[in-house]
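Residue strings, one per chain:
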Amino acid sequence: MLTVSGLRKRWGPVQALNGFDLHIEPGEICGLIGHNGAGKTTFARTVAGLERPDAGSVLVAGVDLATAPRSARALIGLAPQELALYPTATLRQNLRLFGGLAGLRGTQLRTELAAVAEELILTDVLDRPIATLSGGQQRRAQAATVLLPRPRVLLLDEPTVGADPTTREALLRLVRTRADEGAAICYTTHYLPELEHLDATLAVAASGRVIARGHRADLLDGLPGEVAVTFNGPVPEHLSRPSTAPGELRFSTVDPARELAQLLRDLGPDTTRVRSATIREPSLDDLYRSLATHQLPTGAHDAA
Amino acid sequence: MRPELASTPARRTWVMTRHTLVLLIRDPGTPVAYTVMSLVLLTVLRPVYDRLATSGPPGIVQAAPGIAVMFTLLALDVAGQLLLSERTWRTWDRLRSGPASPSTILAGKALPLIALFLTQQAVLFLVATAAFGFPLAAGTWRVPLLALLWAACVTSCGLALGVHARSQGQLAAASDIGALTITCLSGCLVPLAVLPHWVSTVAPATPGYWALHGFQAAVTGNTHAYAHAAAVIAAITAAALLVSARGIRR
């Protein structure tokens, strides 16, 4: 549905996009993660037609953005990171504008407007000016204006920044619904649990390109998790691991479950000395942290 | 997946126009103020214009068009503000990334503004006719047509300012200084006959001069002067539209 190849964009001395490749299938939610300055927002703006790339191509459902920009843009919905609504107009008027520009009209516009407002818990505030809505309602209002026309490709740039749990839950539910309807969704975020909740595939951006792409399990394979054991009293001396705090052992390992089992075997029969034992499987947070030094997990493939 | 939605440029222009009307109606303070102020000024200054009109057409033929032109010029910032607000609200990028073309967006902004400036002039000319004897009937179709041309001219100049202004302060400075300078130099506020001679020399360089003289020519039946004024205003409108269109595509 969305195929981006070799996208390059330079801002003066900064190479914002440096051969950015990404393909997203219909119905797929692709979580685009990476540190600030990795090129995520420039990527979204370029795909949305707001920036002209120095090189590379963008195909939206087979339509080339370079040769048929208006047709391509008609298939894309962009939710920018910052709030971008008309504050003096009501939510209904904002929705009528963005829905109307996309081609919705008459009964269809009214029906779909009511439906998206209900899904995002906004029905009661449809006739209030945007400026009078709470922060969470404004976030949902922005999402509603993007999701209303049901675009084939959705670019959501940190849509839940500053959102309360109710807002986040409602947004994620509707994003999942749109994917189930067949939309290809690029979801940029720093809130990694959201991507797990959405069951998203991942694209890891760094230095203006995608350095890893795949399913969560593949990307996490090989990343270290953590084992933590606390004892009633001091850590037994015969355990061949250094104590991190009095009465506690905590260490990273690529196979936390096997390491904990081994540790309990080493402890011997006196397991009553163990107060608690926990393991933490590698998470997206671990993957994200590994980006700091570009230490890719063994399961990840280089997408560049 | 729902079938692709179909829309036409005309339909999108209508959607943009309707939304611009919403924005203008929700914040009507400035246009209403300019309309009321123009009526107040006309009422107060008409006797002064009568005294100044010792020769030539009566004072109201100077006063009504002069004040109409002046207050539409002062409303330049209303037009500029419409575009500048889009950037302040960050909605500009959302419009640009949508299916509407730049010309559609521009048309959707311009049409309600033209209607607004036309209404502003119509109120003033109707009051001037009813209360002070402005010879509107003598102008027949020429006054409404020139009012429409002038509304389009101010709209396109205001949009050009809005496209290029980078801040509220910049827009306010450009529109206020521009409007006041044009008003003074064109003879809209004070008749050229009583101003220093050099003002008459530079007056034709201002669009306000051509609007004022076009309206006066319309009601005095000077067809040649009317056509000349209308052509100059149309040319300025086209140039400003071009500047707006080029800026809006950036």
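Residues numbered from 1 in each chain as written. Chains lettered and ligands numbered in written order. Predicted model: local features only at pLDDT ≥ 70, side-chain atom pairs only at ≥ 80, totals over all residues. Heavy atoms only, no water.

(A) Seen up close, the overall build of chain A. A count of helical and extended segments in chain A gives 10 helices and 13 strands. Expressed as a percentage of the 304 residues in chain A, the buried residues total 52%. A total accessible area of about 13000 Å² is found for chain A, and carbon and sulfur atoms account for 51% of it. (Helix = DSSP H or I, 4+ residues; strand = E, 2+ residues; numbered from the N terminus. Buried < 20%, exposed > 50% of the residue type's maximum accessible area, 1.4 Å probe, protein only. Areas by Shrake-Rupley, 256 points an atom, 1.4 Å probe, with all protein chains shown as cover.)

(B) Seen up close, the domain arrangement of chain A. Examined at the domain level, chain A breaks down into domain 1 (2–219) and domain 2 (225–281). The C-alpha centroid of domain 2 of chain A is placed 44 Å from the C-alpha centroid of domain 1 of chain A. (Domains from an automatic or database assignment.)

(C) Structural detail: unusual backbone geometry. The backbone phi angle of Ile121(A) is positive, close to 55 degrees, even though this residue is not glycine. Looking at the secondary structure, you find Ile121(A) in the loop between α4 (106–119) and α5 (135–147).

(D) Focus on the packing of helix α2 (residues 29–52) of chain B against helix α6 (residues 102–132) of chain B. Residues and elements named next belong to chain B. At a closest axis distance of 10 Å, the pairing of α2 and α6 adopts a crossing angle of 25 degrees. Taken together, the axes of α2 and α6 lie roughly parallel to each other. Every pair of crossing elements has a handedness; the one defined by α2 and α6 is right-handed. Each of Pro-31, Tyr-34, Thr-35, Ser-38, Leu-39, Leu-42, Thr-43 and Arg-46 in α2 lies in contact with α6, whose residues at this interface are Leu-116, Gln-120, Val-123, Leu-124, Val-127, Ala-128 and Phe-132. Residue composition of the contact of α2 with α6, by class: 10 nonpolar, four polar and one charged. (Axes fitted to C-alpha atoms, helices over the stretch in contact; angles between N-to-C directions. Parallel < 35°, antiparallel > 145°, perpendicular 65-115°, else oblique. Left-handed = near helix turned anticlockwise from the far one by under 90°. Contact = heavy atoms within 4.5 Å. Nonpolar A, V, L, I, M, F, W, Y, C, P; charged D, E, K, R; others polar.)

(E) Structural view of the sheet that holds strand β9 (residues 201–206) of chain A. Residue and element names in this part refer to chain A. In space, the six strands of this open sheet follow the order β6-β7-β8-β3-β9-β10, with mixed pairing throughout. Each of the sheet's edge strands pairs with one partner strand only, and the pair in question is β6 (76–79) and β10 (209–214). In this sheet, neighbouring strand axes are inclined to one another by 20 degrees on average, regardless of whether the strands run parallel or antiparallel. Judged from the five bridges that link them, strand β7 (residues 153–157) and strand β8 (residues 184–188) form a sheet pairing that is parallel. By the bridge assignment for β8, Val-153 is matched with Ala-184. Against the sheet, α5 touches β6 and β7, its axis set at about 170 degrees to β6. (Pairing = 2+ DSSP bridges.)

(F) Focus on the pattern of salt bridges. All names here are of chain A. Here the structure, examined in full by the defined rule, presents 18 salt bridges over all chains. A salt bridge links Glu-169 to Arg-173; its shortest N-O distance comes to 3.7 Å. Taken together, the residues span about one helical turn, with Glu-169 and Arg-173 both in helix α6 (residues 165–180) at a distance of four residues. Judged by its relative accessible area of 43%, Arg-173 falls in the partly exposed class. One salt bridge connects Arg-258 with Asp-255, and the closest N-O pair in it is separated by 3.6 Å. (Salt bridge = Lys/Arg side-chain N within 4 Å of Asp/Glu carboxyl O.)

(G) Expanded view of the pairing of strand β2 (residues 14–24) of chain A. Residues and elements named next belong to chain A. As paired elements, strand β1 (residues 2–11) and β2 share eight bridges and run antiparallel to each other. Of the residues in β2, the one forming a bridge with Leu-7 is Phe-20. What sits between β1 and β2 in their antiparallel hairpin is a turn of two residues, with Gly-12 showing a positive phi close to 60 degrees.

(H) Molecular detail of the packing of helix α11 (residues 207–220) of chain B against helix α12 (residues 223–248) of chain B. All names here are of chain B. Interaxial distance between α11 and α12 falls to 8 Å at its minimum, and their mutual angle equals 145 degrees. Judged by the sense of rotation from one axis to the other, the crossing of α11 with α12 is left-handed. Packed against α11, whose contacting residues are Pro-207, Trp-210, Ala-211, Gly-214, Ala-217 and Ala-218, the element α12 presents Ala-225, Tyr-226, His-228, Ala-229, Val-232, Ile-233 and Ile-236 at the interface.

(I) Structural view of the interface of chain A and chain B. Contact residues are listed per partner, giving 42 residues for chain A and 28 residues for chain B. Its largest share of buried area at the contact with chain B, chain A owes to Leu50(A), Tyr86(A) and Leu101(A), together 21% of the area lost on that side. Asp93(B) is the salt-bridge partner of Arg45(A), the closest N and O atoms lying 2.8 Å from each other. In this assembly, chain A and chain B are joined by nine residue pairs in polar contact (both at pLDDT 80 or more). Within the side of chain A that touches chain B, the residues separate by chemical class into 23 nonpolar, nine polar and 10 charged. (Buried area = accessible area lost by both parts, 1.4 Å probe. Polar contact = N/O pair within 3.5 Å; in protein donor to acceptor, adjacent residues only side chain to side chain.)

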